[in-house]
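Notes for the structure review
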Amino acid sequence: MDTEALRSFVRAAELGQFQHAADELGVTQQAVSKRIAALERELEVRLFARTARGVELTLDGQAFLPHARTIVTGVDRAVTAVRPGSRALRIDVLGLRSAQAVVLHGYWRSHPETELDVVTLRVEDPRVAVAAVEAGDIDASFRTVTDPAALPPDVQMIHAFDSPLELLVGPRHPLASARRLRPPQLREHRIWVPGIAPRSEWAEFYEQLATEFDLRIDAAGPHFGDEVLLDTLADSSDVATLVGSRDRYVWPTNHDLRRIPVVNPTLAYPLSLILPRTNPHPELRRIIAHLGTLPRLAEAVWRPSWATTPRRVDSEIANVHGVQPRHG
């Protein structure tokens, strides 16, 4: 199907006149008329009806318009994606202090020529991020859909990296002097993770974590921000929380908070990258290659049941470009 004919149809439908569409597209009115006539012959329907003011869509034209818009948008994205430097790579992260943002900052420091736009969608449901990727509002998102079968056919999800968890406590907490902890040592201690949103990926993570290791995860109360959480930990003798080892937290020196690794097994929060299945932004190839250089967890690891399986970076890159990697 002629994409320029689709483009002419979409602009004529939006502007209501072939001449206005021709002016915007930089062609003659006759060219627009011929393109739309050819499109009508191909579809075997009439798309427009002539009026005193110009043209208006027929019922078939109204039904066809949203699909034609999607195709034209997809073509524009595909062309833009292969033009180096045409636009910044736009990636969604959970927060600017999150492990994903820290990793992206490390990549940018190694590749300062990269045009990178790091955004936070401020949504709890990862399906909203998926829709944003599908619509082209963002190029990729560090989110996880715990049921990969629910992903749209034109969107894929790959393993990004695992974030090992650490216990964060104040100086008066009974576990504050430990250098390392095993999951059974966390039992009966209050682990406060305020504001766990229903239907979010981390809600499922903490539910499985609590069940597997018989932990006391307390999600009571809204999340008033990291500062309130850190102040509470500093003043408490019985409250702890879990944080990712790469998550960036800053607190006053007199808080004297301690980050203690949890091992045997390491509790790993699996992070995924959601991106288009076809025509991804070309910079994503290098991002995925960078993710492949991150250290892998060497010890015994616990992951939730929905975690995507870590794969070789060449497999991930090949998957992004729609080809099968060669092995041999």
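Residue indices begin from 1 for each chain and proceed along its sequence in written order. Note on the predicted model: pLDDT of at least 70 is required for a residue's local features to be given, and 80 or more for side-chain atom pairs to be given and counted; whole-chain, interface and lining totals, by contrast, use all residues. Heavy atoms throughout the structure, all of them, feed into the side-chain values; hydrogens and water do not.

Helix numbering and strand numbering both begin at the N terminus, where a helix is a DSSP run of H or I of at least 4 residues and a strand a DSSP run of E of at least 2. Along the backbone of the protein there are ten helices and twelve strands. Radius of gyration here is computed from C-alpha atoms only, and the compact-globule reference equals 2.2 Å multiplied by the residue count raised to the power 0.38. The C-alpha atoms of the protein give 26 Å as radius of gyration, which overshoots the globular expectation for 328 residues (20 Å, by more than 25%). Seen through its principal axes, the protein has C-alpha atoms that stretch 80 × 50 × 35 Å. The contact criterion used is simple: two residues touch if any of their non-hydrogen atoms lie within 4.5 Å. Counted over contacts in the protein with a minimum sequence separation of 6, partners at least 24 positions apart contribute 75%.

Residue-level confidence of the predictor is summarised by pLDDT, bounded by 0 at the bottom and 100 at the top. Scored by pLDDT, the protein comes out at a mean of 87, with 91% of its residues at no less than 70. Here residues 322-328 scores under 50 on pLDDT; set against residues more than four positions off or in separate chains, the count is seven contacts.

Moving on: the nonpolar core. To define a nonpolar core, start from buried Ala, Val, Leu, Ile, Met, Phe, Trp, Tyr and Cys residues and group those joined through side-chain atoms within 4.5 Å. Only protein chains enter the area calculation, which uses a 1.4 Å probe; residues under 20% of their type maximum are buried, those over 50% are exposed, and those in between are partly exposed. Phe-142, Phe-161, Leu-209 and Leu-273 are the most contacted members of the largest nonpolar core, which totals 44 residues. If you list the elements that add at least two residues to this core, you get strand E3 (89-92), helix H5 (99-110), strand E6 (155-169), helix H7 (201-213), strand E9 (239-244), strand E11 (266-276) and helix H9 (284-291). Formed by 19 residues, the second largest nonpolar core is a distinct cluster that contains Phe-9, Ala-21, Ile-36 and Phe-48.

A separate point is the side chain of Glu-166. Here Glu-166 lies in strand E6. On the accessibility criterion, Glu-166 (13% relative accessible area) is buried. Pairs of N or O atoms within 3.5 Å make up the polar contacts considered here, provided that, within protein, one atom can donate a hydrogen while the other can accept it, and that residues adjacent in sequence are counted only when both atoms are side-chain atoms. At 2.8 Å, the side chain of Glu-166 and the side chain of Arg-259 are in polar contact. Contacts of Glu-166, omitting those with residues within four sequence positions, involve Thr-241, Leu-242, Val-243, Gly-244, Ser-245, Arg-259, Ile-260, Pro-261 and Val-262.

Turning to the packing of aromatic side chains, a few remarks are in order. Side-chain rings of Phe, Tyr and Trp (the six-membered ring for Trp) are treated as a pair once their centres are within 6.5 Å; stacked means planes under 30 degrees apart, edge-to-face means over 60, and tilted covers the remaining angles. This structure, assessed with the given rule, holds nine aromatic pairs. Between Phe-205 and Tyr-269 the ring centres are 4.6 Å apart and the planes differ by 50 degrees, which places this aromatic pair in the tilted class. In this pair, Phe-205 is assigned in helix H7 and Tyr-269 in strand E11, connecting sequence segments 64 residues apart.

Moving on: the pairing of strand E1 (residues 48-51). The pairing criterion is simple: DSSP has to find at least two bridges between the two strands. Here E1 runs beside strand E2 (residues 54-57); their pairing, made up of four bridges, is antiparallel. By the bridge assignment for E2, Ala-49 is matched with Glu-56. Counting the residues in the hairpin turn of E1 and E2 gives two residues.

Here we come to the side chain of Glu-201. Topologically, Glu-201 is positioned in helix H7. Those residues in contact with Glu-201 that sit more than four places away from it in its chain are Pro-126, Arg-143, Thr-144, Thr-146, Tyr-269 and Trp-306.

Burial analysis of E11 places eleven of its eleven residues in the buried class, which makes it a mostly covered element. In terms of strand pairing, E6 meets E11 through nine bridges, oriented antiparallel. Bridge assignment links Asp-162 to a residue of E11, and that residue is Pro-270. As judged from the two bridges shared by E11 and strand E12 (residues 301-302), these two strands associate in the parallel manner. Residue pairing in the sheet places Thr-266 in a bridge with Val-301 of E12.

What follows deals with the packing of helix H1 (residues 3-15) against helix H3 (residues 29-43). Note on method: axes are straight lines fitted to C-alpha atoms, helices fitted across the in-contact stretch only, with angles between N-to-C directions ranging 0 to 180 degrees. Across the interface, H1 lies against H3 with an axial gap of 9 Å and an inter-helix angle of 105 degrees. With respect to each other, H1 and H3 are oriented roughly perpendicular. Together, Glu-4, Ala-5, Leu-6, Ser-8, Phe-9 and Ala-12 of H1 and Val-32, Arg-35, Ile-36 and Leu-39 of H3 make up the contact between the two elements. As a working rule, the residues Ala, Val, Leu, Ile, Met, Phe, Trp, Tyr, Cys and Pro are called nonpolar, Asp, Glu, Lys and Arg charged, and the rest polar, with Gly in that last group. Considered class by class, the residues forming the contact of H1 with H3 number seven nonpolar, one polar and two charged. Oblique is the label for any angle not under 35 degrees, not over 145, and not in the 65 to 115 range, which are roughly parallel, roughly antiparallel and roughly perpendicular in turn.

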